[in-house]
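Commentary on secondary and tertiary structure
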Amino acid sequence: MRLLACCLPSNTRKTELPSAEVTRVFLAYLVARTALFALLWASLAPAQITISTVDSRGMETPADGLVDAGSVAAGDYSDTRFRLRNAGAAATALTALRVAGTGFTILGNPPLPYTMVPGANVDFRVRFQPAAFGAYSAPLLVNDKTLLIRGVSPQAITLLVERDGKLETAATTAPMVLGRVERGASLTQGFQLRNDTLGALTINRAVVAGEGFSGPSGIVAPLRVDPGRSIPFEVRFTPARNGIFQGSLTLEDRIFTLEAVGFDPPFPDAIITVDPVVASGKQAKVSLRLASAPRVAGSATLRLEFRSEISTALDDPAVVFLPNGSRSTPVSIREGDANLGEVAFQTGTTAGEIRFRLEMPAQVGAPLTAATTVSRAVVGMDTTKAMRATGSVQVEIIGFDNTRTASRLTLRFFDRAGNPLGGDPVRAEVAVAFQNYYRDTSAGGTFLLRALMPVVGDASQLSSVEVEMENSSGTSRSRASF
Amino acid sequence: MLKTIFLTLSVIAPAALQAQGRMESPRVGCVVDARGEVRTLWGFRANFILGEAATSGAVSAACSDSFGLVKTGEELLVMDRAGVVVHRREAVSGTAILGFDDRGTPAFAYLHSSRQILHWEGSGWERWDVAMEQSPVAIAAQGEHLLALVRREDELYLLRVASDGQSAVLARVASSARHAVLYPSGAFVLAEEQSVVVHRADGRQQRLDVSTPVIGLHAMSSQWVRVQFEAQSMGLLLREDDSELYLIPGDNR
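A quick note: this is a predicted structure, and the numbers were derived from the prediction, not measured. Numbering of residues begins from 1 in every chain and follows the order in which that chain's sequence is written. Think of it this way: whatever chain is written first is A, whatever ligand is written first is 1, and the rest follow in order. The model is predicted, so local features are restricted to residues of pLDDT at least 70 and side-chain atom pairs to those at 80 or more, both for listing and for counting; the totals for chains, interfaces and linings are taken over all residues.

**Overview of the overall build of chain B**
- Across its full length, chain B carries zero helices and 25 strands.
- In this treatment the radius of gyration is a C-alpha quantity, and the globule benchmark scales as 2.2 Å times the residue count to the 0.38 power. What you see for chain B is a C-alpha radius of gyration of 19 Å, in line with the 18 Å of a compact globule of 253 residues.
- A principal-axis box enclosing the C-alpha atoms of chain B has dimensions of 60 × 40 × 35 Å.
- Burial is judged by counting other C-beta atoms within 10 Å of a residue's own C-beta: 20 or more means buried, 12 or fewer means exposed, and anything between counts as partly exposed, with every C-beta placed from the backbone. Taken across its 253 residues, chain B has 45% of its residues classed as buried.
- C-beta atoms are placed from the backbone for every residue, and two residues are taken to be in contact when these atoms lie within 7 Å. Residue pairs in contact within chain B that sit at least 24 positions apart in sequence constitute 32% of those at least 6 positions apart. For helices the rule is a DSSP run of H or I covering at least 4 residues; for strands it is a run of E covering at least 2, with both sets numbered from the N terminus onward.

Written out as structure tokens, the structure reads:
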């Protein structure tokens with residue numbers, strides 16, 4: 001229809017014509033189309049196609065009449081590479097390409113019909129894969145040419161490999177995958193030697209080679225196999241490490257490639273132990289162990305994540321592992337040792353939750369997690385100092401507020417007899433000052449507060465000061481001597 | 001990191017007085033990491049935060065509460081509390097032993113390769129024409145005198161050295177320590193085989209056992225000494241009665 005559309009005058013699709021005129025135009029189109037096809041067909045003369053075989057070095061040998069596919073043991077195969085070439089000066093069509101006969105298949109052939117411009121090549125392969133011993137032949141048809149391909153399968157022992165309770169003919173042309181097994185464990189692959197020929201055959205060489213592979217067990221060469229008999233044997237694979245292993249099973253001059261995978265045994269489940277609640281401003285420990293002794297060494301990663309409870313403090317840089325100062329740390333797993341040790345961490349000075357996550361190598365499930373809560377607490381005062389100077393006293397407090405709600409500071413002074421100095425204690429509403437400080441600091445909930453107070457009178461009367469701080473969790477007290 | 005609050009003192013004074021308060025982030029001292037970067041360590045015991053690097057290339061360093069002394073490959077630096085370099089001078093390559101006076105201001109620097117003692121004269125370093133028989137293990141200043149811990153065979157001697165070279169033995173300690181920190185009070189800290197020994201100025205001692213050999217000590221401030229191990233560092237908090245060790249984050253070697 002595309003050709004019709006393109007060859008019709010464009011206006012014929014738009015203008016009403018008398019029916020006789022339409023018929024005339026259409027007949028003229030049919031004549032022209034037939035002539036065009038005849039011309040094209042004549043130019044695609046099959047006689048222009050030459051046939052060659054191509055060896056592994058790329059050398060072409062003209063093929064005419066008979067092609068030898070060689071001698072192939074039952075179960076194996078050999079491929080013969082063919083090349084078609086359009087040796088003519090005009091395009092030609094490849095309209096037939098097939099092989100007919102048991103044991104032969106054609107591979108890599110183009111879809112037909114296939115137009116070959118002058119000088120063009122078409123390569124394909126004919127695979128000879130005999131199922132049993134004997135002589136084989138098959139015709140190869142290329143357009144109107146026919147070649148005969150022949151091959152032979154010598155009388156030989158057939159190797160059968162057990163797969164899911166069934167026997168499959170083994171081939172040397174592809175590796176036989178025996179499976180996966182844990183390092184140090186073994187897997188056994190069953191085989192059979194079968195004599196499908198009419199006479200007794202002798203195996204003079206049966207050898208298994210390759211790291212981790214052993215056998216064959218059940219047979220010893222030289223070995224006579226009577227016609228129709230099958231003799232079972234086994235090959236064992238015992239990897240001493242993880243990885244992909246390749247070995248070989250040699251029977252006479254046939255070498256079968258064996259392939260298997262060794263993998264490390266999985267790690268036992270891990271257990272993370274940490275106190276459910278920790279105080280702020282501490283160095284604590286999280287301990288790690290496995291449910292049983294691991295059979296392999298490895299390395300895991302312990303991570304921590306801090307989730308602040310305080311809306312104005314999204315994070316706390318002090319919450320890190322020690323000593324690396326990071327939020328992830330490597331954990332060594334020693335073979336045979338279930339104890340993974342302890343990892344120190346800082347609890348920081350912000351209320352919230354610290355979550356730990358242990359990422360094990362080759363982990364199947366979700367990483368193991370545990371959490372500890374840093375509870376809201378009263379203002380912590382790590383150090384309180386009181387100093388006297390001429391005309392003034394200074395009180396210095398190093399501490400933290402893990403709620404960021406410090407609101408009031410109270411100082412009570414005592415004389416040398418331990419009696420409170422008269423009048424009310426010094427009180428200061430410090431909420432705004434603390435909020436302003438925390439807005440700008442990157443030191444978590446820590447603070448250093450220095451209060452310098454002028455003194456009128458004999459400052460040497462001062463013996464000690466009691467510091468009281470309030471926040472949303474309550475009141476804390478500390479005392480310092482001058 | 002500095003905020004101001006106001007307190008009203010009404011107890012001591014007969015009349016209420018306005019008092020001033022300041023808030024800032026608590027500072028532990030300075031540390032030198034494995035790359036020779038000098039950093040401020042913020043926080044307090046068991047809650048440390050490692051600050052940004054103030055300078056790099058340090059081969060020796062010591063800090064007081066107010067200043068830092070840093071020996072780089074070719075220079076001797078004086079830094080203020082904020083980590084800003086306030087003075088620098090050329091110095092022969094190699095390590096140095098650095099000491100402060102009791103106010104925390106720079107006092108002495110002993111340059112190992114030239115065996116030269118430099119004295120801080122308020123605005124710069126001056127050569128101190130005193131020859132030391134042995135290289136000191138640690139130094140500090142006591143008034144105008146140099147305090148030096150010096151090894152003689154199996155003993156460490158605490159010497160007070162005057163500018164004219166006259167010296168007096170203040171103490172003698174049997175020790176194999178190769179690393180020490182000395183304070184102007186005469187207190188010092190020694191790194192023994194697998195312990196850290198605090199010798200207080202009044203003669204009392206405290207031994208803190210550690211599990212691995214100490215490979216270095218340096219003063220982080222008047223109260224903190226960094227104890228360096230192969231794989232980690234600890235901070236030794238010097239207290240009147242009971243000094244304590246804490247892990248320091250982010251200082252792996």
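**Concerning the overall build of chain A**
- Counting its regular elements, chain A contains three helices and 38 strands.
- The proportion of buried residues among the 482 residues of chain A is 30%.
- Counting only contacts in chain A whose residues sit at least 6 apart along the sequence, the fraction spanning at least 24 positions is 67%.

**Brief notes about the nonpolar core**
- Ile139, Leu149, Ala180, Leu182 and Val189 of chain B are the most contacted members of the largest nonpolar core, which has 129 residues in total.
- Not counting residues within four places of it along the chain, the set of residues in contact with Ile139 of chain B comprises Ile97, Gly99, Phe108, Tyr110, Leu146, Leu147, Ala148 and Leu182 of chain B.
- For our purposes the nonpolar core covers buried Ala, Val, Leu, Ile, Met, Phe, Trp, Tyr and Cys residues that link as a set through C-beta atoms within 7 Å. Val72, Phe104, Ile149 and Phe245 of chain A belong to the second largest nonpolar core, which has 43 residues in total.

**What about the domain arrangement of chain A?**
- Source of the domain bounds: an automatic or database domain assignment. If you check the domain split of chain A, you get domain 1 (2-43), domain 2 (48-153), domain 3 (158-263), domain 4 (270-374) and domain 5 (380-481).
- Between the C-alpha centres of domain 3 of chain A and domain 5 of chain A there is a distance of 85 Å.

**Points about the environment of Thr384 of chain A**
Residue and element names in this part refer to chain A.
- Take Thr384: it is sitting in strand β32 (residues 380-389).
- The class for Thr384 is partly exposed, based on 19 C-beta atoms found within 10 Å.
- Sequence-wise, Thr384 and Val395 are 11 residues apart; in three dimensions their C-alpha atoms are separated by 7.2 Å.
- Setting aside chain neighbours within four positions, we find Thr384 in contact with Ile397, Val467, Ser478, Arg479 and Ala480.

**Looking at the sheet that holds strand β25 (residues 244-247) of chain B**
Residues and elements named next belong to chain B.
- Only strands that DSSP links by at least two bridges are regarded as paired with each other. Strand order across the open sheet formed by four strands is β22-β23-β24-β25, with antiparallel pairing between neighbours. With partners counted over all chains shown, the strands left at the sheet margins are β22 (216-219) and β25, one partner each. The mean inter-strand angle of the sheet, taken between neighbouring strand axes irrespective of direction, is 25°.
- As judged from the five bridges shared by strand β23 (residues 224-228) and strand β24 (residues 233-237), these two strands associate in the antiparallel manner. Bridging across to β24, Trp224 finds its partner in Leu237. Under this scheme, a helix contributes an axis fitted over its contacting stretch, all axes are lines through C-alpha atoms, and angles between N-to-C directions fall in the 0 to 180 degree range.

**Concerning the sheet that holds strand β3 (residues 66-71) of chain A**
Residues and elements named next belong to chain A.
- Taken in spatial order, the four strands line up as β3-β11-β10-β6 in an open sheet, and their pairing is mixed. Edge positions in the sheet fall to β3 and β6 (97-99), since each of these pairs with one other strand and no more. Neighbour-to-neighbour, the strand axes of this sheet turn through a mean angle of 15°, independent of strand direction.
- Across four bridges, β3 lies against strand β11 (residues 145-153) in parallel orientation. Along β11, the bridge assignment pairs Ser71 with Val152.

**A look at the environment of Lys285 of chain A**
Residues and elements named next belong to chain A.
- Within the secondary structure layout, Lys285 lies in strand β25 (residues 283-290).
- For the pair Lys285 and Thr390, spaced 105 residues apart in the sequence, the C-alpha separation amounts to 47 Å.
- If we ignore the near neighbours within four places in the chain, the residues touching Lys285 are Glu342, Val343 and Ala344.

**What about the confidence of the model for chain A?**
All names here are of chain A.
- How sure the predictor is of each residue is captured by pLDDT, a score from 0 to 100. This prediction gives chain A a mean pLDDT of 88; 89% of its residues lie at or above 70.
- Confidence over residues 1-18 falls short of pLDDT 50; this stretch has eight contacts with residues more than four positions distant or in other chains.
- Here residues 34-46 is modelled with pLDDT under 50, and outside its nearest four sequence neighbours on either side it reaches 10 contacts, counting other chains as well.

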